[in-house]
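Tertiary structure, described
Listed here are the chains, written in short residue letters.
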Amino acid sequence: MRLLGLAAVAHPEGNRIDVRWTLPAAPAFPHVRVVRRERTHPTTPNPASAADGTVVPVTDDGGSAVDKGLRGETVYYYGLYPYKSVTADGQIVIENAAEQVDRANRTSAMATSPAGLAAEMYALLPSIYHRYDTAPPPRVPPGMRPEDRHRGALRRFLDLPGGQLDQFYGYATAILGFLDLERVDGALLPLLADWIGWRTDHRLEFGEQRTEIRNAPALYRAVGLVPVIEATVQRVAGERSRVKEFVDNVATTNRPARLTLWQRTRRQGWSDAELLSLDASFGGRAAVAAPAAGPPRSFHEREQDGRFQIWSKELGAAGWTGSEPLADGPLTYKDPSAAVQGGNIVVFWSAYDETRRRWSIQSRTRRNGAWSKTDTFVPPGGNADTDRRKPVAVADASGLWLFWLEKAQGRWVVKYNRHDGTRWQITPSPSVPIPAAQTPAVLDDVFALFQPANPLKPLWLFWAGQVPVPADQDPASPRQTRWTVAYSVKAGVDPAVTNDWSDVRFLPKGNDGDHDREPCALPLGNGNLEVFWSSHRGGRWAVWRNVLNVATGGWGTAERLTDFPQPARAPAAFTHGDTTVLVFRSSRSLSYQSRVYSATTTVDARWSGTQTLHVRDTVMPALRGTYDDFGTYIRDAGRDGVRTDDDRYAADTVGVYLPAGTDDQRVSRLRQVLREFMPATNRAVFVHDPGSVRP
């Protein structure tokens, strides 16, 4: 129900505004409540606090309200709400919101302050006027102010122009605050917005318009950033959105997945996976050494600008420290392995010399908190020019075992030796006796474990190799192979005895077509082994675990430890006090909460690289087109040079994921407005996303 003749007028006396209106004929709601508010119009007839508004008493005639005690040079905004009845606590009963809460029943006015100009004009008159202007009125008319009852006629007359001049003065003074967003009249906000090129959304309340104009310079400075796009969507469409850049979803041949370091810990149960380090590489297991008298240290491979280095972290009381370089010279450094011998940490790694095209093994030792110089490992009786790589170190009660891959007659074989604290004991270094029938075409991922609690089976050696798929294969000429985890056990710790290695056994597969790689193991308190490895079971790489019964050789039930869709590889496990720590690599996307724009969460999917879809992977196809899609595709060029919202996989495209059901009119307006807040070379596409929640 719209009121007629609605107006708000500042009273010449100052600090007062009079509000007037007329009810239509035969009104459905015969009463009116007036609510006053500063900065913006009230939006409710029943304000819960002064911030929501203040109820102004209505005069007895029901067609006006006198609002006194106001601050001068301040704009006040009024909302008028027709009603029929109120509750016991004075709340208006809203029977028809469309009729009772109407934006047309609004008005505003600026209250002025008395400047005393009438008294100043009177004081400037010659004194003779004052002498004869002393007679009080012969009678007191109704409504005369008490102070006027003792004034002369001339003084009372000057109040008429003086009050108007006071208002002129107040209006002129208010001009000084036209650039104050908190005090300027809301009707002038579009002019301020135009000065900075901001489009005013007249659907917004004045308070929201003020906030937009205040934030506009910061938005302009951040054109092209995700928070600006999300803020624009919220402003224009009134919807929360999620914004994604599709540059990481475009397949390129020179962008493989880069794996960062993650960890899970276990006391009573496994914790959620958390980021350990952004030191990324294309693979490589982390190595951990835990001295009895110091904190554990991890060593990992890091790729940066095409160079591979070895970096180290320390696990202190407050968590992992920052990374520091251990091997960062001119060569390529990979495959770290570490062990503790005599209280000192010994680290080995592979080093590749591109000039000589030669692999070698280097090492450094940490004694008394300081690192030694880098040494190159050459076994007794060995040739320094022989290719050696992939070192694996493990310590027993009094010595240190080193296993490595060495090139012999064109094949890589597993060699080993033992250091007794003074020298390497065996000349020449023997090979692990893997039977010819069980020797894989390719052998990798060697891992060694010393189990002092089992003197009959103290030294365990795991590896992964490519073996023929049993189904439909000719063993003499295999056509297909799968990575398979195998292991052998040495019955003693005498390196000179080479015939005490057990037969080769294999980790059970879930399916003959599965790939299993990168095994590692931990001894359990009951004498069994907890084995971790990465597997392609289900069509995507994940970290798995199982328990090996040492006495019977039987296995328990395999359990997957990483349930996110991105690949997880290269597990390394160790114990720290009563906690088991599992470190692994993954190309999992990272989420960042903006420190500047707290409502914005950015997903960084750069680590995923170019993905290859496996036919048995059901997760990646299900994510296609969603906000969480990390798959990579050929660039969408559209049809006949025209791209639609369905042609989204391109480096110049940004996706705006809107709640399902967002109407086409708001999308059309967004399409026009967003161009102002995006680089000219980029385009926005709009996706209806069930994962986006309405505000």
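Residues numbered from 1 in each chain as written. Predicted model: local features only at pLDDT ≥ 70, side-chain atom pairs only at ≥ 80, totals over all residues. Heavy atoms only, no water.

1. Some remarks on the pattern of salt bridges
Taken as a whole and assessed by the stated rule, the structure comprises 47 salt bridges. In this structure, Asp102 and Arg2 form a salt bridge, with 3.1 Å as the shortest nitrogen-oxygen distance. Taken as a pair, Asp102 in the loop between α1 (97-100) and β7 (106-111) and Arg2 in the segment before β1 (4-10) lie far apart in primary sequence, 100 residues in all. Among the salt bridges present, the one from Glu205 reaches Arg103, with a minimum N-O distance of 3.2 Å. Note that Glu205 is positioned in the loop between α5 (189-195) and α6 (206-221) and Arg103 in the loop between α1 and β7, a separation of 102 residues in sequence. On the accessibility criterion, Glu205 (16% relative accessible area) is buried. With relative accessibility at 45%, the residue Arg103 sits in the partly exposed group. (Salt bridge = Lys/Arg side-chain N within 4 Å of Asp/Glu carboxyl O. Helix = DSSP H or I, 4+ residues; strand = E, 2+ residues; numbered from the N terminus. Buried < 20%, exposed > 50% of the residue type's maximum accessible area, 1.4 Å probe, protein only.)

2. Side note on the nonpolar core
With 33 residues, the main nonpolar core has Ile229, Val656, Leu674 and Phe686 as its most contacted residues. Secondary structure elements with two or more residues in this core: β6 (74-83), α5, α6, α7 (226-237), β36 (653-659), α9 (664-673) and β37 (683-689). The element best represented in this core is α7, accounting for six residues. If you look at the next biggest cluster of nonpolar residues, it comprises 32 residues, including Val489, Leu522, Trp533 and Phe584. (Core = buried A, V, L, I, M, F, W, Y, C linked by side-chain atoms within 4.5 Å.)

3. Here we look at unusual backbone geometry
One can expect most non-glycine residues to show negative phi and most peptide bonds to be in trans. The omega angle of the peptide bond from Thr427 to Pro428 is -10°, so this bond is cis rather than trans. Examined against the element boundaries, Pro428 turns out to sit in the loop between β23 (411-419) and β24 (443-450). Positive phi, normally seen in glycine, also occurs at Arg357, with a value near 55°. Mapped onto the elements, Arg357 comes out in the loop between β17 (344-353) and β18 (358-367).

4. Quick notes on the sheet that holds strand β28 (residues 516-523)
Read from one edge of the open sheet, four strands run β28-β29-β30-β31, paired in antiparallel fashion. Every other strand in the sheet has two partners, leaving β28 and β31 (559-560) as the edge strands with one partner each. Inspection of the sheet shows strand β29 (residues 529-535) paired to strand β30 (residues 542-548) by seven bridges, in the antiparallel sense. Directly across from Ser535, in β30, lies its bridge partner Ala542. (Pairing = 2+ DSSP bridges.)

5. Comments concerning the pairing of β23
Note that strand β22 (residues 400-408) and β23 share nine bridges and pair antiparallel. The partner of Ala408 across the bridge, within β23, is Arg411. What sits between β22 and β23 in their antiparallel hairpin is a turn of two residues, with Gln409 showing a positive phi close to 55°.

6. Concerning the environment of Arg418
Examined against the element boundaries, Arg418 turns out to sit in strand β23. Each C-alpha atom, one on Arg418 and one on Ala384, is 18 Å from the other, the two residues being 34 residues apart in sequence. Within the structure, the side chain of Arg418 is placed 2.8 Å from the side chain of Asp396, a separation counted as a polar contact. (Polar contact = N/O pair within 3.5 Å; in protein donor to acceptor, adjacent residues only side chain to side chain.)

7. A few points about the side chain of Thr260
Within the secondary structure, Thr260 is located in strand β9 (residues 259-266). Discounting residues that sit within four places of it in the chain, Thr260 has contacts with Leu275, Ser277, Leu278, Asp279, Ala280, Phe584, Arg585, Ser586 and Trp607. (Contact = heavy atoms within 4.5 Å.)

8. Thoughts on the confidence of the model for the protein chain
In the predicted model, the protein chain carries a mean pLDDT of 90, and 97% of its residues have values of at least 70. The weakest mean pLDDT in the protein chain belongs to strand β34 (residues 590-593) at 82; the strongest belongs to β30 at 97. (pLDDT = per-residue confidence, 0-100.)

9. Here we look at the environment of Tyr78
Among the secondary structure elements, Tyr78 is positioned in strand β6. Take Tyr78: its relative accessible area is 0%, and that puts it in the buried class. Sequence separation of Tyr78 and Val19 is 59 residues, and the distance between their C-alpha atoms is 8.6 Å. Separated by 2.7 Å, the side chains of Tyr78 and Asp67 make a polar contact.

10. Quick notes on the packing of aromatic side chains
Applying the stated criterion across every chain, the model contains 24 aromatic pairs. One aromatic cluster is present, formed by Trp401, Phe403, Tyr416 and Trp501 through successive ring pairs. Its guanidinium or amino end placed over the ring of Trp412, Arg389 lies 5.3 Å from that ring's centre, counting from NZ or CZ. Between the NZ or CZ atom of Arg569 and the centre of the ring of Trp541, over which it lies, the distance is 3.9 Å. (Phe/Tyr/Trp six-rings, centres within 6.5 Å; stacked < 30°, edge-to-face > 60°. Lys NZ or Arg CZ within 6 Å of the ring centre and 35° of its normal.)

11. Observations concerning the sheet that holds strand β25 (residues 459-468)
Spatial ordering of the open sheet is given by β24-β25-β26-β27, a layout of four strands whose pairing is antiparallel. Across the chains shown, the open sheet's two edge strands, defined by having one partner strand only, are β24 and β27 (505-506). Judged from the ten bridges that link them, β25 and strand β26 (residues 481-490) form a sheet pairing that is antiparallel. When the sheet's bridge partners are listed, Pro468 is paired in β26 with Thr481.

12. Digging into a nonpolar patch on the surface
Together, Ile128, Tyr129 and Tyr132 make up an exposed nonpolar region whose accessible area comes to about 380 Å². Along the chain, Tyr129 turns up in helix α3 (residues 127-132). The exposure class of Tyr129 is partly exposed, given its relative accessible area of 45%. (Patch = residues over 30% accessible without salt bridge, like charges linked within 9 Å, V, L, I, M, F, W, Y side chains within 5 Å. Areas by Shrake-Rupley, 256 points an atom, 1.4 Å probe, with all protein chains shown as cover.)

13. Concerning the environment of Leu402
Within the fold, Leu402 resides in strand β22. Classification of Leu402 by relative accessible area gives buried; the value is 0%. Note: C-alpha distance between Leu402 and Pro137 (265 residues apart in sequence) is 117 Å. If we skip the residues at most four places from it in the chain, Leu402 touches Phe348, Phe377, Pro391, Val392, Ala393, Lys415, Tyr416, Asn417 and Trp424.

14. Here we look at the packing of α7 against α9
Running from N to C, α7 and α9 point in directions that differ by 135°, and their axes come no closer than 10 Å. One element, α7, and the other, α9, form an angle in the oblique class. In this structure, α7 crosses over α9, and the sense of that crossing is right-handed. Contacts between α7 and α9 pair Thr232, Val233, Arg235, Val236 and Ala237 from the former with Arg666, Arg669, Leu670 and Val673 from the latter. Within the contact of α7 with α9, the residues separate by chemical class into five nonpolar, one polar and three charged. (Axes fitted to C-alpha atoms, helices over the stretch in contact; angles between N-to-C directions. Parallel < 35°, antiparallel > 145°, perpendicular 65-115°, else oblique. Left-handed = near helix turned anticlockwise from the far one by under 90°. Nonpolar A, V, L, I, M, F, W, Y, C, P; charged D, E, K, R; others polar.)

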